[in-house]
Amino acid sequence: MAGEEEIADTIKPEFPTGRIKRIMKLDKDINKVTSEALFLVSCSTELFLQFLAERSAEVAMEKKRKTVKLDFIRTAVKRHRPTSDFLLDSLPAPTESSLPIDRPRSRAVEDKPAPPGTRRIDQFFRKPENEAPIEINDS
């Protein structure tokens, strides 16, 4: 038993224990929270959020994005069956901004006027229409 207490002393939860205790006491059936229960809930919360963050990051990398969005979290939750059973209903509904919108495309580069005193690079590489091709003699 002394070994377990030493391990518990070395592992410190990342989340504030007072806040976790307050959240646990929101349940009307819970009157008192022991320090062991508080420690276990805090550690399990850390592990769950770490798992969810890793899976969401994997989805973001699959979609070649650097930022994890709510849709990526939703996809990660859907892929993991035990998590989706209880968490999917708690996630906010997808917003209209996350859905693809058909926007009119901007004008082509050729349609945009060049600033005065400049010319486009594609004009630089074009052959002049009135110039004859250069012939090379191998003599």
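For clarity, every value in this text was computed on a predicted model and none was experimentally measured.

Here we look at the side chain of Ser 56
Turning to step 1, where the next piece is worked out: Structurally, Ser 56 can be placed in helix α3 (residues 35–62).
Turning to step 2, where the next piece is worked out: Note on Ser 56: relative accessible area 2%, which makes it buried.
Turning to step 3, where the next piece is worked out: When residues no more than four places from it in sequence are discounted, the contact partners of Ser 56 are Val 68, Phe 72, Ile 73 and Ala 76.

Focus on the pattern of salt bridges
Turning to step 1, where the next piece is worked out: Evaluation of the coordinates by the stated rule reveals two salt bridges.
Turning to step 2, where the next piece is worked out: Two residues, Glu 62 and Arg 79, come together in a salt bridge whose shortest N-O distance is 2.9 Å. Of this pair, Glu 62 sits in helix α3 while Arg 79 sits in helix α4 (residues 70–79), placing them 17 residues apart in sequence.
Turning to step 3, where the next piece is worked out: Its salt-bridge partner being Asp 85, residue Arg 81 comes within 3.7 Å of it at the nearest N-O pair. Separated by four residues within a single helix, Arg 81 and Asp 85 lie in helix α5 (residues 81–87), roughly one turn from each other.
Turning to step 4, where the next piece is worked out: According to the relative accessible area criterion, Arg 81 is exposed, its value standing at 60%.

Thoughts on unusual backbone geometry
Turning to step 1, where the next piece is worked out: Here the phi dihedral of Lys 64 falls at roughly 60°; this positive angle occurs in a residue that is not glycine.
Turning to step 2, where the next piece is worked out: Given a relative accessible area of 74%, Lys 64 falls into the exposed group.

Thoughts on the packing of aromatic side chains
Turning to step 1, where the next piece is worked out: A complete count under the given rule lists one aromatic pair for this structure.
Turning to step 2, where the next piece is worked out: Ring plane angle 45° and centroid distance 6.0 Å describe the contact between Phe 48 and Phe 86, whose orientation is recorded as tilted. Of this pair, Phe 48 sits in helix α3 while Phe 86 sits in helix α5; the two residues are 38 residues apart in sequence, bridging distant segments of the chain.

Looking at the confidence of the model for the protein
Turning to step 1, where the next piece is worked out: For the protein, mean pLDDT is 79; residues scoring 70 or higher make up 71% of the total.
Turning to step 2, where the next piece is worked out: Mean pLDDT across the elements of the protein bottoms out in helix α1 (residues 2–10) (59) and peaks in α3 (93).

Comments concerning the environment of Thr 17
Turning to step 1, where the next piece is worked out: Note on placement: Thr 17 falls in helix α2 (residues 17–24).
Turning to step 2, where the next piece is worked out: Between the C-alpha atoms of Thr 17 and Leu 38, which are 21 residues apart in sequence, the distance is 7.1 Å.

Thresholds applied
- Residues numbered from 1 in each chain as written.
- Predicted model: local features only at pLDDT ≥ 70, side-chain atom pairs only at ≥ 80, totals over all residues.
- Heavy atoms only, no water.
- Helix = DSSP H or I, 4+ residues; strand = E, 2+ residues; numbered from the N terminus.
- Buried < 20%, exposed > 50% of the residue type's maximum accessible area, 1.4 Å probe, protein only.
- Contact = heavy atoms within 4.5 Å.
- Salt bridge = Lys/Arg side-chain N within 4 Å of Asp/Glu carboxyl O.
- Phe/Tyr/Trp six-rings, centres within 6.5 Å; stacked < 30°, edge-to-face > 60°.
- pLDDT = per-residue confidence, 0-100.

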